[in-house]
Amino acid sequence: MPDFSHHARQLRAVADALEAQSDQTGGLLLPHPDTLKILNGRHTTRGQINYAVPDALQIQRRVRRFHADHGMQHGDVVALALDVFLRAQGYPPDLTPPREEGS
């Protein structure tokens, strides 16, 4: 049986680094409750985004692996990551509901 102890140590180091980063940012890496509510909504309308990202970051492979490990849909992974980043940079969404016709 292969020895995966080296990989386990590396994963622990990454987890420790992410935890330290999360502690420093005051929880900015946590998803916003409003975002989770939208992602979990049954009738959430969706739009397509298409941006070229550096191949070296292996974004598509990492999103596929995250989906395989956690079951979260690819689009939700991307939406969550972008929402957390943009909120942390001071760009929250305008979540005011649209006005009803005839109001």
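As a reminder, the structure under discussion sits directly above these lines.
These figures come from a predicted structure and were not determined experimentally.

**Focus on a nonpolar patch on the surface**
- A surface patch of nonpolar side chains, amounting to about 970 Å² of accessible area, comprises Ile 49, Tyr 51, Val 53, Leu 57, Ile 59, Val 78, Leu 82, Phe 85, Leu 86 and Tyr 91.
- Along the polypeptide, Ile 59 turns up in helix H3 (residues 59–70).

**Some points on the packing of H3 against helix H4 (residues 74–88)**
- For the pair H3 and H4, interaxial distance at closest approach is 9 Å and the crossing angle is 115°. Classified by the angle between their axes, H3 and H4 sit roughly perpendicular to one another. Here H3 runs over H4; the crossing is right-handed. Contacts between H3 and H4 involve Val 63, Arg 64, Phe 66 and His 67 from the first element and His 74, Val 77 and Val 78 from the second.
- Of the residues belonging to the contact of H3 with H4, the class tally is four nonpolar, two polar and one charged.

**Here's the deal with the pattern of salt bridges**
- Applying the stated criterion to the full structure yields two salt bridges.
- Among the salt bridges present, the one from Arg 46 reaches Asp 76, with a minimum N-O distance of 2.8 Å. Here Asp 76 lies in helix H4 and Arg 46 lies in the loop between helix H2 (33–40) and H3, a separation of 30 residues in the sequence.
- Residue Arg 46 is classed as exposed on the basis of its relative accessible area of 55%.
- Residue class for Asp 76 comes out buried when judged on its relative accessible area of 11%.

**As for the side chain of Thr 35**
- Examined against the element boundaries, Thr 35 turns out to sit in helix H2.
- In terms of polar contacts, Thr 35 uses its side chain to reach the side chain of Asp 83, at 2.4 Å.
- Among the polar contacts listed, one links the side chain of Thr 35 to the side chain of Arg 87, at a separation of 3.3 Å.

**Some words on unusual backbone geometry**
- Here Gln 58, not a glycine, exhibits a phi torsion of approximately 55°, which is positive.
- Tracing the sequence through the fold places Gln 58 in the loop between H2 and H3.

Calculation notes
Residues numbered from 1 in each chain as written. Predicted model: local features only at pLDDT ≥ 70, side-chain atom pairs only at ≥ 80, totals over all residues. Heavy atoms only, no water. Patch = residues over 30% accessible without salt bridge, like charges linked within 9 Å, V, L, I, M, F, W, Y side chains within 5 Å. Areas by Shrake-Rupley, 256 points an atom, 1.4 Å probe, with all protein chains shown as cover. Salt bridge = Lys/Arg side-chain N within 4 Å of Asp/Glu carboxyl O. Helix = DSSP H or I, 4+ residues; strand = E, 2+ residues; numbered from the N terminus. Axes fitted to C-alpha atoms, helices over the stretch in contact; angles between N-to-C directions. Parallel < 35°, antiparallel > 145°, perpendicular 65-115°, else oblique. Left-handed = near helix turned anticlockwise from the far one by under 90°. Contact = heavy atoms within 4.5 Å. Nonpolar A, V, L, I, M, F, W, Y, C, P; charged D, E, K, R; others polar. Buried < 20%, exposed > 50% of the residue type's maximum accessible area, 1.4 Å probe, protein only. Polar contact = N/O pair within 3.5 Å; in protein donor to acceptor, adjacent residues only side chain to side chain.

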